[in-house]
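# Close look at the chain arrangement
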Amino acid sequence: VWAFADCLTDPNCTIQYLHERKTGGTYISYAMHRILSLSDEEWEHLRNDCCELYVKKWFEENPSRYCNKRFSSYQTYHDIFAHVIVEKCKQLGKRVVVLTSFREPLTRAVSWIHQICNKSPDKRSSEVLEACQRCTYADDPDFYNQYKSLQGLDALMLSNRTFWSGMDGHNMLAIDNADLNEFFHLLEGAL
């Protein structure tokens, strides 16, 4: 909390957030919107921090725009985040604090399934909608197994150091999704 608060009060510091899907990233962006009293336009930008190569494109078009903000969020590949975004902010003379969030794999899987089955059903195939309507693992194991293993951030973070070693030298902060409410409560008190 103190490292985060210190950066937010230092005009030469920026918090660059690697938003891993289904780990509380939208909530983190919303909380920062409230804490920093961002304009509606800035909030809209934080909400639209997606995805992968698009992030690299719009960041490279105007890196100062993002590096000069106290908080910026990106849903992109780890290597783009570390080697393009964070490095460029440092080259621009900023002190950079890197933040990411993670979530226990089972609740992350449930969150994915909730999103797929309950949000934007008009964008889902009939097969997906039928699996969601049945809502039983026995009837649709292939549908559910794609969320069960959660290959990606959870596997990297919990089973080896690949994720963390790639962030060496970047003042990395990581927060568990379960700790977000307390973290932001303490942060508001520290500011």
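This text gives an overview of the structure that appears in the document. (Residues numbered from 1 in each chain as written. Predicted model: local features only at pLDDT ≥ 70, side-chain atom pairs only at ≥ 80, totals over all residues. Heavy atoms only, no water.)

## Section: the state of the cysteines
Inclusion rule: Only a pair of cysteine sulfur atoms within 2.5 Å counts as a disulfide in this structure description. Burial status follows relative accessibility: with a 1.4 Å probe on protein chains alone, a residue under 20% of its type maximum counts as buried, one over 50% as exposed, and anything between as partly exposed.
Inspection of every chain in the model, using the stated rule, returns four disulfides. Here C50 engages in a disulfide with C51; their sulfurs sit 1.2 Å apart. Taking the relative accessible area as the measure of exposure, C50 reaches 32% and is therefore partly exposed. Here the protein pairs its bonded cysteines, counted in sequence order, in the arrangement 1-2, 3-4, 5-6, 7-8. Its sulfur unpaired, C135 is 6.6 Å from the next cysteine sulfur, which belongs to C117.

## Considering the pairing of strand β2 (residues 71-74)
Rules: To qualify as a helix, a DSSP run of H or I must reach at least 4 residues; to qualify as a strand, a run of E must reach at least 2; elements of each kind are numbered from the N terminus. At least two bridges found by DSSP between two strands is the condition for calling them paired.
Neither face of β2 is exposed, since F71 and S73 on one face and S72 and Y74 on the opposite face are all buried. Sheet topology note: the strand β1 (residues 13-18)/β2 ladder contains four bridges and is parallel. From the neighbouring strand, Y17 faces β2, where its bridge partner is S73.

## A closer look at the pattern of salt bridges
Convention followed: Salt-bridge detection follows one rule: a side-chain nitrogen of Lys or Arg within 4 Å of a carboxyl oxygen of Asp or Glu.
Scanning the entire structure with this criterion turns up seven salt bridges. As a salt-bridge pair, D10 and R95 come within 3.1 Å of each other at their nearest N and O atoms. In this pair, D10 sits in the loop between α1 (2-9) and β1 while R95 sits in strand β3 (residues 95-102), placing the two residues 85 residues apart along the sequence. Taking the relative accessible area as the measure of exposure, D10 reaches 22% and is therefore partly exposed. Judged by its relative accessible area of 30%, R95 falls in the partly exposed class. A salt bridge links R34 to E188; the nearest nitrogen and oxygen atoms lie 3.1 Å apart. Taken together, the residues span a long stretch of sequence, with R34 in helix α2 (residues 25-35) and E188 in helix α12 (residues 180-190) at a distance of 154 residues. One salt-bridge network, held together by shared partners, links D6, D10 and R95.

## Section: the packing of α2 against α12
Quick note on the threshold: An axis is simply a line fitted to the C-alpha atoms; with a helix, the fit covers only the stretch in contact. Between two such axes, the angle follows the N-to-C directions and lies from 0 to 180 degrees. If an angle is under 35 degrees, it is roughly parallel; if it is over 145, roughly antiparallel; if it lies from 65 to 115, roughly perpendicular; otherwise it is oblique. Crossings are classed by handedness, with left-handed meaning an anticlockwise turn of the near helix from the far one by less than a right angle and right-handed meaning a clockwise turn. Every residue pair with non-hydrogen atoms within 4.5 Å of one another is taken to be in contact. In this classification, the charged set is Asp, Glu, Lys and Arg, the nonpolar set is Ala, Val, Leu, Ile, Met, Phe, Trp, Tyr, Cys and Pro, and all remaining amino acids, among them Gly, are polar.
Contact pair α2 / α12: the axes reach a minimum separation of 11 Å and the direction vectors enclose 15°. One finds that α2 runs roughly parallel with respect to α12. Where α2 crosses over α12, the two elements pack in a sense that is right-handed. Where α2 approaches α12, its residues Y27, I28, A31, M32, R34 and I35 are matched on the opposing element by L180, N181, F184, L187 and E188. Looking at the contact of α2 with α12, its residues break down into eight nonpolar, one polar and two charged.

## A closer look at the side chain of S73
What counts is decided by this rule: Distance and chemistry together define a polar contact, namely a pair of N or O atoms within 3.5 Å, with one atom able to donate a hydrogen and the other to accept it when in protein, and with adjacent residues in sequence counting only for side-chain atoms on both sides.
For S73, the location among the structural elements is in strand β2. In terms of polar contacts, S73 uses its side chain to reach the side chain of D49, at 2.4 Å.

## Some remarks on the sheet that holds β3
If you trace the four strands from one edge of the open sheet to the other, you get β2-β1-β3-β4, paired in parallel fashion. Each edge of the open sheet is held by one strand with a lone partner, namely β2 and β4 (172-176). Between one strand axis and the next, the sheet turns through 25° on average, direction left out of account. Contacts from α1 reach β1, β3 and β4 within the one sheet, and its direction differs from that of β1 by about 125°.

These values are about where atoms sit, not about what they do.
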